There are 2 protein chains.
Amino acid sequence: MDIDDLAKRVVAGERRALARAITLVESGRADHRANAARLLDAVGATGREALRIGLSGTPGVGKSTFIEAFGMFLIKQGLKVAVLAVDPSSARSGGSILGDKTRMERLSRETSAFIRPSPSQTQLGGVARRSREAVALCEAAGFDVVLIETVGVGQSETMVAGMADLFLLLLAPAGGDELQGVKRGIMEMADLILVNKADGELRDTAQRTRADYSGALRLLRKRPQDPEGFPKALLVSALTQDGLPEAWDAMRELAEWRREQGHWAANRAAQARHWFAEELRAGLIARLERDPKIRAMAERLDARVAAGEMSPTAAAEHLLATLDE
Amino acid sequence: MDIDDLAKRVVAGERRALARAITLVESGRADHRANAARLLDAVGATGREALRIGLSGTPGVGKSTFIEAFGMFLIKQGLKVAVLAVDPSSARSGGSILGDKTRMERLSRETSAFIRPSPSQTQLGGVARRSREAVALCEAAGFDVVLIETVGVGQSETMVAGMADLFLLLLAPAGGDELQGVKRGIMEMADLILVNKADGELRDTAQRTRADYSGALRLLRKRPQDPEGFPKALLVSALTQDGLPEAWDAMRELAEWRREQGHWAANRAAQARHWFAEELRAGLIARLERDPKIRAMAERLDARVAAGEMSPTAAAEHLLATLDE
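If you're wondering where the values come from, they're calculated on a predicted model, not measured in any experiment. (Residues numbered from 1 in each chain as written. Chains lettered and ligands numbered in written order. Predicted model: local features only at pLDDT ≥ 70, side-chain atom pairs only at ≥ 80, totals over all residues. Heavy atoms only, no water.)

Caption draft 1: Structural detail: helix 1 (residues 3–11) of chain B. All names here are of chain B. Residues Ile 3, Leu 6, Ala 7 and Val 10 constitute the buried set of helix 1. Buried residues of helix 1, viewed axially, fall in a sector of 100°; they line one side. A positive backbone phi angle near 85° is found at Gly 13, which sits one or two residues after helix 1. (Buried < 20%, exposed > 50% of the residue type's maximum accessible area, 1.4 Å probe, protein only. Helix = DSSP H or I, 4+ residues; strand = E, 2+ residues; numbered from the N terminus. Arc of directions from axis to C-beta.)

So this is what it looks like as structure tokens:
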């Protein structure tokens, strides 16, 4: 594979090259990994920076409809939009390739839009690494906004927040006792809470939901990376498009403030260093696992630790001592 | 050092042996680490299980006063109580050995109580590993309750929650606009929120604060490890001791339910496996860092990654390739 040529075509904005590049970084094969590293370095030189927006929402909140409406809104502003899905559970359901295209029919037909479903890998760590690299490729390909969508499964939000500049939480209107069930800890990450379906009969309920979450956000400590008034809860309607300009204004305000204050660059540098350390750890573990004897020993020790027969410390010491022999 | 003898004396409940054992696990020296692993395995055979309670609270909430009052309450029930502090920032302030003893004067004089300040190590990971091992030692020494206290600094709550069976969040009463500033994400971990100082003039304010947090907790999704009505917010007063029996009842109810449902054992097994993996990762990184050439290379790569000159993937590939040479 001619990596330099592929890199050039990605940077030139060729959609097919971008799709091929993402397929490359999604591969777990050792030779592909080395090529992926070369490719990422080659495209990294563009210095292009997209606004990376992480997005999560509970099922039934209308996330696809929102992404389609918000994506179309951004395209009308003359922006190029990439949508990446991160769904660690997709391995089980066999991926959602068809699903992603059909559920955002209009957006998928736009030349300024690029939609990519979640890679279907079982390991959360694997999905994380590949997704982060796909984001970097979309950025190098000249997209202005990269939306990274995730489902509320396990640690996937933390992972997506770790590769985004902003994090949005999409909620449905819910009155009184119909509780929302926001996953604990997701409020920690949200820069903006958007209450969707603020239209028709649900408008009043949406307003009350927004007020409830505004109250809950006020009980949390202000983070240094937040200007006055953030994080905040806003109303949107993917159906009528009401609230989309205001939500976009809030995102831009936040992004601009963070750029001016240096939080943007500091966050990106911290994310990159974190990913370097993660890649290194994963690589070291992978090197170990290549040895079937070590691998079998690790599995035996893991079972003994889980059963309480051996302390984690002793098990690790034991395995590490074997390596030094 | 005679590790088997030390283990025996820890299990026999000798306080001085316990203190010495904790000093051993806190040491970073390689030969001490090997001895610590042997010691932990030797004492692990008792099968004793304490209730491990993690506790965090914002500064000024009266945490020491609460721990003293709650500790004395538990001792009056005939229980043995160990208090361990986990403060990753203590390295900077030179440790808080004197502080811990003087701020819990009554409790520190009780023979059924054992108080141990935070180890003063700079690395958060190091503090975590040593603290977890100290918890295991207290458990083997026959303590019924191990309170693991932390300050609201960085990731220390996550770390403490990772070694506890229950997690308490202590808050001060705050009315209307005087916001609490609970660190985002801590609500995720709290099994019980205790609003302290529910006495005298602050009683009404405390009641409103409790109601606010009850409302906020209801907006979060129920976790599988929570019975009906949990997590909940309760009122306590370290000063008058009001609410302490109710708080203890709630902890016991929660612990019992989790035992019956299997969550307790599953949680402990998951924690042990997690710590095994962490120890292994830390050990692998430590092995790398022993080589000054590798270490220098990692530092150079880290700086380039932070500056955006190199992708995290390429940097990790580069370092790992060097190892395989």
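From this point on, the discussion continues.
Caption draft 2: Just the packing of aromatic side chains, in detail. Residues and elements named next belong to chain A. Scanning the model with the defined rule gives eight aromatic pairs over all chains in all. On the basis of an interplanar angle of 15° and a centroid distance of 5.5 Å, the ring pair of Phe 66 and Phe 70 is categorised as stacked. With a gap of four residues between them, Phe 66 and Phe 70 both fall in helix 4 (residues 63–76), about one helical turn apart. The residues Phe 66 and Phe 70 share a single accessibility class, namely buried. Their ring planes at 65° and their centres at 6.1 Å tell us that Phe 70 and Trp 248 sit as a pair that is edge-to-face. (Phe/Tyr/Trp six-rings, centres within 6.5 Å; stacked < 30°, edge-to-face > 60°.)

Caption draft 3: Quick look at the relation of the copies chain A and chain B. Once chain A has been moved 0.1 Å along the axis and rotated by 180°, it coincides with chain B to within an RMSD of 0.1 Å. Taken together, the rotation and translation relating the two chain copies correspond to the operation of a two-fold axis. (Least-squares fit on C-alpha atoms with pLDDT ≥ 70 in both.)

Caption draft 4: The arrangement of the interface of chain A and chain B in detail. Contacts between the two partners involve 60 residues from chain A and, on the opposite side, 60 residues from chain B. Where Arg 273 of chain B meets Asp 302 of chain A, a salt bridge forms, and the shortest distance between an N and an O atom there is 2.7 Å. Summed over the shared surface of chain A and chain B, the result is eight residue pairs in polar contact (both at pLDDT 80 or more). Listed by contribution, the elements that provide at least two residues to the side of chain A that touches chain B are helix 3 (30–44), helix 8 (124–140), helix 10 (186–189), helix 11 (203–218), helix 13 (263–289), helix 14 (292–306) and helix 15 (312–324) of chain A. The element best represented in the side of chain A that touches chain B is helix 13 of chain A, accounting for 13 residues. Residue classes in the side of chain A that touches chain B are distributed as 33 nonpolar, eight polar and 19 charged. (Contact = heavy atoms within 4.5 Å. Salt bridge = Lys/Arg side-chain N within 4 Å of Asp/Glu carboxyl O. Polar contact = N/O pair within 3.5 Å; in protein donor to acceptor, adjacent residues only side chain to side chain. Nonpolar A, V, L, I, M, F, W, Y, C, P; charged D, E, K, R; others polar.)

Caption draft 5: Quick look at the nonpolar core. One finds Ile 193 of chain A together with Ile 193 of chain B to be the most contacted residues of the largest nonpolar core, which totals 106 residues. Apart from residues lying up to four places away in sequence, Ile 193 of chain B is in contact with Leu 169, Leu 171, Met 187, Tyr 213, Leu 217, Lys 232, Ala 233 and Leu 234 of chain B. (Core = buried A, V, L, I, M, F, W, Y, C linked by side-chain atoms within 4.5 Å.)

Caption draft 6: Quick look at the pattern of salt bridges. Residue and element names in this part refer to chain A. Under the definition given, this model contains 46 salt bridges over all chains. Between Arg 130 and Glu 133 there is a salt bridge, with its nearest N and O atoms 3.7 Å apart. Of this pair, Arg 130 and Glu 133 both sit in helix 8, three residues apart, which is roughly one turn of that helix. By the burial criterion, Arg 130 is buried, and Glu 133 matches it. Close ionic contact of Asp 165 with Arg 268 constitutes a salt bridge, the shortest N to O distance being 2.7 Å. Placement of Asp 165 in the loop between helix 9 (156–161) and strand 5 (166–171) and of Arg 268 in helix 13 is noted, with a sequence separation of 103 residues between them. An identical accessibility class is assigned to Asp 165 and Arg 268; each is buried. Through salt bridges that share partners, Glu 49, Arg 52, Glu 139, Asp 165, Arg 259 and Arg 268 make up one connected network.

Caption draft 7: Just the sheet that holds strand 5 of chain A, in detail. Residues and elements named next belong to chain A. Strand order in this open sheet of seven strands is 3-2-4-1-5-6-7, and the pairing throughout is parallel. In the strand order of this sheet, the two ends are held by strand 3 (113–116) and strand 7 (232–235), each with one partner. Sheet twist, expressed as the average angle between the axes of neighbouring strands with direction ignored, equals 20°. Pairing analysis gives four bridges linking strand 6 (residues 192–195) to strand 7, with the strands arranged parallel. Paired with Val 195 across the two strands is Leu 235, which belongs to strand 7. (Pairing = 2+ DSSP bridges. Axes fitted to C-alpha atoms, helices over the stretch in contact; angles between N-to-C directions.)

Caption draft 8: Local environment of the confidence of the model for chain A. Residue and element names in this part refer to chain A. The predicted model of chain A has a mean per-residue pLDDT of 84, with 88% of residues at 70 or higher. When the elements of chain A are averaged for pLDDT, helix 5 (residues 90–93) gives the smallest value, 42, and helix 12 (residues 244–261) the largest, 96. Every residue in residues 90–98 is under pLDDT 50, and counting partners more than four places away or in other chains gives ten contacts. Confidence metrics for the complex model read pTM 0.68 and ipTM 0.76. (pLDDT = per-residue confidence, 0-100.)

Caption draft 9: Just the sheet that holds strand 4 (residues 145–151) of chain B, in detail. Residue and element names in this part refer to chain B. Read from one edge to the other, the open sheet built from seven strands follows the order 3-2-4-1-5-6-7, with strand pairing classed as parallel. On the outer flanks of this sheet lie strand 3 (113–116) and strand 7 (232–235), each paired with one strand and no other. Going from strand to strand, the sheet's axes swing by 20° on average, the running direction of each strand aside. Running over the sheet, helix 11 (residues 203–218) touches strand 5 (166–171), strand 6 (192–195) and strand 7 and is turned about 175° from strand 7.

Caption draft 10: Layout of the pairing of strand 2 (residues 81–86) of chain B. Residues and elements named next belong to chain B. Of all six residues making up strand 2, six are buried, and the element is well covered by its neighbours. Side chains Val 81, Val 83 and Ala 85 project from strand 2 onto one buried face, and the interleaved Ala 82, Leu 84 and Val 86 project onto a second face that is buried too. As paired strands, strand 2 and strand 3 are joined by four bridges and run parallel to one another. Looking across to strand 3, one finds that Val 83 is bridged to Ile 115. Taken together, the six bridges between strand 2 and strand 4 define a ladder with parallel strand orientation. Of the residues in strand 4, the one forming a bridge with Leu 84 is Ile 148.

Caption draft 11: Structural view of the environment of Leu 220 of chain B. Assignment of secondary structure puts Leu 220 of chain B in the loop between helix 11 and strand 7. Sequence separation between Leu 220 of chain B and Pro 231 of chain B is eleven residues, and the spatial gap between their C-alpha atoms is 9.7 Å.

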